[in-house]
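Observations on the three-dimensional arrangement
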Amino acid sequence: MAESKEDDSVDLILRHVSHRFPDDLARALLGAGVAVTAVPYETQLDARHRRLDRALDANVDGERRILHFEWQGDLPPEVSFRVYEYNAFLALAVAAEAGGRKGPVPRIDSVVVLLGGREEPWPDYGSYRTSSEDAPFSGVHYRIEAVYQRTVAELEARGSPFWLVFVPLAVDADRPKIRRVVEALRTQASSRAFDELGVAMAVLAEADRRRRGLADVVRSLLPRELVMQSSIYKEGKEQGRFEGQLEQLAHLFERRLARALTPEEHATLVERVQEQGAMPVSDVVLDLSREDLAAWLTTKNGH
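In this report, we go over the structure that sits alongside the text. Predicted, not measured: the structure shown is a model, and the values here were computed from it.

**Remarks on the overall build of the protein**
Scanning the protein for helices and strands turns up 12 helices and 6 strands. Here the protein holds 303 residues, and 49% of them are scored as buried. The long-range fraction of contacts in the protein, counting pairs at least 24 apart against all pairs at least 6 apart in sequence, stands at 64%. When the accessible surface of the protein is totalled, it reaches about 14,700 Å², and 50% of it is carbon and sulfur.

**Looking at the pattern of salt bridges**
Under the definition given, this model contains 20 salt bridges. Measuring nitrogen to oxygen at the nearest pair gives 3.7 Å for the salt bridge that ties Glu196 to Arg192. Taken together, the residues span about one helical turn, with Glu196 and Arg192 both in helix H6 (residues 191-206) at a distance of 4 residues. Judged by relative accessible area, Glu196 falls into the buried class, the value being 8%. For Arg192, a relative accessible area of 30% translates into the label partly exposed. The partner of Glu265 in a salt bridge is Arg259, with the nearest N and O atoms 2.9 Å apart. A cluster of three or more residues bridged by salt bridges with shared partners is formed by Arg20, Arg192, Glu196 and Glu254.

**A closer look at the sheet that holds strand E3 (residues 63-72)**
Strands sit in the order E1-E2-E3-E4-E6-E5 across an open sheet of 6 strands; the sheet is mixed. Of all the strands in the sheet, just strand E1 (36-40) and strand E5 (125-129) have a single pairing partner and so form its edges. Taking each pair of neighbouring strands and ignoring which way they run, the sheet shows an average axis angle of 30°. As paired strands, E1 and strand E2 (residues 54-60) are joined by 5 bridges and run antiparallel to one another. Bridging from a neighbouring strand, Pro40 pairs with Leu56 of E2. Strands in contact with helix H2 (residues 22-30) are E1, E2, E3, strand E4 (107-114) and strand E6 (139-146); relative to E1, the strand with the most contacts, it is inclined by about 135°.

**Quick look at the packing of helix H5 (residues 175-188) against H6**
It is at 10 Å that the axes of H5 and H6 come closest, and there the two elements cross at 160°. When the interaxial angle is binned, H5 and H6 end up roughly antiparallel. Where H5 crosses over H6, the handedness of that crossing is right-handed. Mapping the contact onto sequence places Val181, Val182, Leu185 and Arg186 in H5 and Phe194, Leu197 and Met201 in H6. Residue classes in the contact of H5 with H6 are distributed as 6 nonpolar, no polar and 1 charged.

**So, the nonpolar core**
With 64 residues, the main nonpolar core has Leu14, Phe69, Val113, Leu115, Trp163 and Phe166 as its most contacted residues. Residue contributions to this core peak at 10 residues, all from H6. Counting 17 residues, the second-largest nonpolar core is a separate cluster that includes Phe253, Val284, Val285 and Trp296.

**Notes on the pairing of E3**
Across the 10 residues that make up E3, a large majority, 8, are buried. In this sheet, E3 lies alongside E2 in antiparallel orientation, the contact comprising 7 bridges. By the bridge assignment for E3, Asn59 is matched with Arg64. Pairing of E3 with E4 involves 8 bridges; the strand directions are parallel. Across the sheet, the residue bridging to Trp71 is Val113, located in E4.

Rules used throughout
Residues numbered from 1 in each chain as written. Predicted model: local features only at pLDDT ≥ 70, side-chain atom pairs only at ≥ 80, totals over all residues. Heavy atoms only, no water. Helix = DSSP H or I, 4+ residues; strand = E, 2+ residues; numbered from the N terminus. Buried < 20%, exposed > 50% of the residue type's maximum accessible area, 1.4 Å probe, protein only. Contact = heavy atoms within 4.5 Å. Areas by Shrake-Rupley, 256 points an atom, 1.4 Å probe, with all protein chains shown as cover. Salt bridge = Lys/Arg side-chain N within 4 Å of Asp/Glu carboxyl O. Pairing = 2+ DSSP bridges. Axes fitted to C-alpha atoms, helices over the stretch in contact; angles between N-to-C directions. Parallel < 35°, antiparallel > 145°, perpendicular 65-115°, else oblique. Left-handed = near helix turned anticlockwise from the far one by under 90°. Nonpolar A, V, L, I, M, F, W, Y, C, P; charged D, E, K, R; others polar. Core = buried A, V, L, I, M, F, W, Y, C linked by side-chain atoms within 4.5 Å.

What follows is the structure, encoded as structure tokens:
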């Protein structure tokens, strides 16, 4: 995603919730009649200093497919080349992980989720062409999903709690619709899912470029501790402390604990990284036993 203080906080929270709800992320874009299961797909791209916003390893009607998502605040020309680059490296990574076995690489579908930009409608697909104009097309096509040009009803119609986090960006979003969506989400989702999606909705409301003041109404409908958590995401990124570190640390904690972090534990982790820094917190993951690590996440000041 384009680098800015505001974009960083949005990038962080979308990485987090897309990791939690991979099926919801994928299913709404593939159609109601498609059977989908998906899990986050980890590759060696990070080692090459290329960081995908989200890649999913999906089973789509019995066929393995890699779904690649990028969040963008706008769509400048260089994004098309970056999608092509990521698409190519994903294909190489999947082939390498197959150990040189014969057979086709799983199909890779790339999607750019646009959070803002021009008012003129975008086409359904963008492309980056590597072949000459008088030759058959070679390169990559990618889907353009301009959520900020969708209506609230269109996002609701996807039947997926994940896509409701984008409602504050919808073209017709207003205070009554925000209230209705948040209250509906509260009744439809589990307590934990509501907490995580509520934080994401608050962060995205802050990023609304139309400046309609919808962040206030989202925050008014969330518990105080969730409002504080969304502020931590924003302020932590502004201080330059969370570039990729929080997601990696949360992953390490969950591997050691052999379970997902609760919203309260995740909020504690955010606070500890702010207070102590990423390196001391990573030492805690390595040094403590599983039981002591769980206690560290619930003990005041980590002592």
